[in-house]
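Architecture at a glance
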Amino acid sequence: MRAPYIREFAASLELGLQTGVCSERLSLVKTADGGLDYFSGGASVLFAAETAEHQPFIVKCYRHLSARRREVYRALRDVAPYGCVGEYFEDALTVVAEGPVEVDVLVMPQLVGVTLEERVAELCREGDREGLRSLADEFDAMAEWLIGQDWAHGDLSPDNIVVTPEGLRLIDFDAAYLPNLTEQRVEIGRAEYNHPDRDAKMDNRHIDDWAIALLSVNLHALAVEPAWKTADELPFLSEHFITDVRRRARELACRLAESGEARAYTLCGVLCEPFAEIENMAEIFAHSVTPPAAAESFNVGLRWGLRCGEKVVEAAVWDDVVRRERGWFGRLNNTFYKL
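Below or above, wherever it landed, is the structure these notes cover. Nothing here was measured: the structure is a model prediction, and the numbers come from that model.

Overview of the environment of glutamate 50
Within the secondary structure, glutamate 50 sits in strand β3 (residues 44-50). For glutamate 50 and leucine 132, which are 82 residues apart along the polypeptide, the C-alpha to C-alpha distance reads 33 Å. Once residues within four sequence positions are removed from consideration, glutamate 50 is found in contact with Arg25, Leu26, Ser27, Val29, Gln55, Pro56 and Phe57. Polar side-chain contacts of glutamate 50 include one of 3.4 Å to the side chain of histidine 54.

Rendered as structure tokens:
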């Protein structure tokens with residue numbers, strides 16, 4: 001049987017929300033011309049809805065059943081402080097297409113904010129380097145947290161990160177990885193933010209590594225030069241790192257080094273390696289703070305960082321780290337930058 005059409009979803013959902021398809025009493029939002037406010041994707045249709053008190057929600061109706069997706073939403077619960085999952089309801093809505101079909105529904109609060117892609121585009125238009133640097137640092141803090149989880153998002157892209165007044169929030173966990181899932185992976189996320197070798201067989205907590213590195217590099221690069229932003233996408237995608245012609249990646253690495261962007265410079269090198277998994281991500285994204293007097297330098301491979309006891313205060317991404325009269329300095333390409 002074919003998947004339901006949008007109008008069939010809409011007709012059934014309007015009735016379903018009145019009869020308790022989910023735990024919230026919702027009504028669909030109408031546009032100025034009286035139509036429904038919706039967005040149609042490949043696997044689902046998303047409708048804007050609201051409570052009687054006008055609290056906004058998104059109701060996501062899936063076109064096809066996925067046993068893997070059901071497993072994900074049964075297991076994925078604690079994603080605070082950076083995630084917004086919502087409530088997943090199995091066989092929650094009966095849609096009349098060629099015949100009656102039961103579909104799954106995800107109901108989530110509509111976050112106040114814009115996507116990361118939209119926020120980046122706005123800051124680049126304004127040439128706001130400070131705003132872009134703050135956004136890059138905020139992303140890196142979220143990345144450090146995400147790397148430390150035993151699950152992975154699975155489809156990390158600018159459209160699935162929302163910039164809210166409370167900070168960054170992850171949405172759309174349909175392609176997530178969690179330990180002990182039994183159903184085989186199908187979704188592998190957007191190709192622009194994935195290593196080309198990633199496929200459905202790669203299913204572990206490292207599936208976000210490539211996207212994390214790529215997004216971080218882009219945000220730090222734009223903080224250096226907002227004019228690099230293109231009209232429709234971020235300026236540096238997977239094709240600029242994993243093809244034989246890496247001129248843009250080499251130019252970017254040199255510019256990042258000149259600007260003292262040690263973490264992003266290091267990630268440029270990582271992205272040019274032929275590996276979809278990046279084992280030392282935690283060390284690269286270790287939290288960076290003003291080094292205390294008691295800090296000491298430490299070495300990981302050929303890179304240097306700072307730590308105070310067991311706590312890393314500066315990731316091991318510098319060519320060298322030295323103490324001078326005015327504090328700690330990191331060396332990158334024979335130039336020292338104050339930490």
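Remarks on the sheet that holds strand β11 (residues 303-308)
Each strand in a sheet pairs with its neighbour through backbone hydrogen bonds, running either in the same direction (parallel) or in the opposite one (antiparallel). Reading across the sheet, the 3 strands line up as β10-β11-β12 and stay open at both edges, with antiparallel pairing between neighbours. Pairing within the sheet leaves two strands with one partner each, and these edge strands are β10 (296-300) and β12 (311-318). In this sheet, adjacent strand axes meet at a mean angle of 25° when their direction is disregarded. Two elements, β11 and β12, share 4 bridges in a ladder whose sense is antiparallel. Each bridged residue has a counterpart across the sheet, and for arginine 307 the counterpart in β12 is valine 312.

Observations concerning unusual backbone geometry
Between alanine 80 and the following residue, proline 81, the backbone shows a cis peptide bond with an omega angle of 5°. Assignment of secondary structure puts proline 81 in the loop between α2 (67-75) and β5 (87-96). Although it is not a glycine, asparagine 334 sits at a positive phi angle of roughly 65°. Mapped onto the fold, asparagine 334 is located in the loop between β14 (327-332) and β15 (335-338). Taking relative accessible area as the criterion, asparagine 334 reaches 66% and is therefore assigned exposed.

Digging into the packing of aromatic side chains
Following the criterion strictly, the structure yields 8 aromatic pairs and no others. Ring geometry for tyrosine 62 versus tyrosine 88: centroids 5.8 Å apart, planes at 50°, classification tilted. In this pair, tyrosine 62 sits in strand β4 (residues 56-62) while tyrosine 88 sits in strand β5, placing the two residues 26 residues apart along the sequence. An identical accessibility class is assigned to tyrosine 62 and tyrosine 88; each is buried. Their ring planes at 85° and their centres at 5.6 Å tell us that tryptophan 228 and phenylalanine 236 sit as a pair that is edge-to-face.

Reading the values: the criteria
Residues numbered from 1 in each chain as written. Predicted model: local features only at pLDDT ≥ 70, side-chain atom pairs only at ≥ 80, totals over all residues. Heavy atoms only, no water. Helix = DSSP H or I, 4+ residues; strand = E, 2+ residues; numbered from the N terminus. Contact = heavy atoms within 4.5 Å. Polar contact = N/O pair within 3.5 Å; in protein donor to acceptor, adjacent residues only side chain to side chain. Pairing = 2+ DSSP bridges. Axes fitted to C-alpha atoms, helices over the stretch in contact; angles between N-to-C directions. Buried < 20%, exposed > 50% of the residue type's maximum accessible area, 1.4 Å probe, protein only. Phe/Tyr/Trp six-rings, centres within 6.5 Å; stacked < 30°, edge-to-face > 60°.

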